[in-house]
Amino acid sequence: MSRDQEGEVSLPLEGLEGHIATQTVEEKIDSGTLDEPVWDTLKRDVTAVGYKFTHVLFPRRSKQLLHDWDLWGPLFLCLVLAILLQGGSSDSDHHNPAFVEVFVIVWAGSFAVALNSKLLGGTLSFFQSLCALGYCLVPPVSALIACMVLNVANVEKIHGFILFLKLAVIVVGLAWAVIAAFAFISDSQPPRRKGLALYPVVLFYFGISFLILMKQ
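This structure is a prediction, so every number in the text was calculated from the model and none was measured.

So, how was this worked out
Residues numbered from 1 in each chain as written. Predicted model: local features only at pLDDT ≥ 70, side-chain atom pairs only at ≥ 80, totals over all residues. Heavy atoms only, no water. Salt bridge = Lys/Arg side-chain N within 4 Å of Asp/Glu carboxyl O. Helix = DSSP H or I, 4+ residues; strand = E, 2+ residues; numbered from the N terminus. Patch = residues over 30% accessible without salt bridge, like charges linked within 9 Å, V, L, I, M, F, W, Y side chains within 5 Å. Areas by Shrake-Rupley, 256 points an atom, 1.4 Å probe, with all protein chains shown as cover. Axes fitted to C-alpha atoms, helices over the stretch in contact; angles between N-to-C directions. Parallel < 35°, antiparallel > 145°, perpendicular 65-115°, else oblique. Contact = heavy atoms within 4.5 Å. Nonpolar A, V, L, I, M, F, W, Y, C, P; charged D, E, K, R; others polar.

**Quick look at the pattern of salt bridges**
With the rule as written, the count across this model stands at one salt bridge. Two residues, Asp-70 and Lys-52, come together in a salt bridge whose shortest N-O distance is 3.0 Å. Highlighted residues: Asp-70 in the loop between α3 (63-67) and α4 (72-86) and Lys-52 in helix α2 (residues 38-57), separated in sequence by 18 residues.

**Some points on a nonpolar patch on the surface**
A grouping of Leu-167, Val-171, Phe-206, Phe-210, Leu-213 and Met-214 is seen on the molecular surface, where their side chains present a nonpolar patch of about 540 Å² in accessible area. Elements that contribute at least two residues to the nonpolar patch include exactly α8 (159-185) and α9 (194-215). Here the element with the most residues in the nonpolar patch is α9; it accounts for four residues. For Val-171, the location among the structural elements is in helix α8.

**Comments concerning the packing of helix α7 (residues 138-152) against α8**
At a closest axis distance of 8 Å, the pairing of α7 and α8 adopts a crossing angle of 170°. One finds that α7 runs roughly antiparallel with respect to α8. Residue-level contacts link Pro-139, Pro-140, Ala-143, Ala-146, Cys-147, Leu-150 and Asn-151 of α7 to Ile-162, Leu-165, Lys-166, Val-169, Ile-170, Gly-173, Trp-176 and Ala-177 of α8. In terms of residue class, the contact of α7 with α8 is built from twelve nonpolar, two polar and one charged.

Following this line, the structure appears as structure tokens:
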């Protein structure tokens, strides 16, 4: 540092020069997953969906699961449920619900339950609730598949026993879905309103289970 004749202070610039690295928008995009192979993206998404399925089959509280919410799994389960319930229907099978009916019932019911949870003061977002409710369709869908397998083994001599087994499977699927769903959303509800939040959940999965029962 030196002082010139007019009394101004001048600072040496040597050693103060440097380079500030900045990242352009293009570089930020390239550093993401847009340049990732499609197969790797699909594999990662399928792995994430399967990871959420295990949380439903073995119910446990997981904030990370709800943080990384998605609707791919619920959409897949809804499509499977609608296709299986419609399968084998004909003009004489008026008790079989149509594909659109099942699709609307599942999503309208999920919207109503998620909205009720939010209005009761729940801390989960609307889409997090939809994610949890949708993934908890795994037990009812599994119960439907099990009932279809039992239909193959159904013979006249043990028809009553097979019907009892199918009813038991459906009830277990209903209970499992309710337990799994409430394990995800119970902590987000005020202590005095957990019952009000649980009632629509039970009603929603009871409706799905009733559709499965009517298929038998």
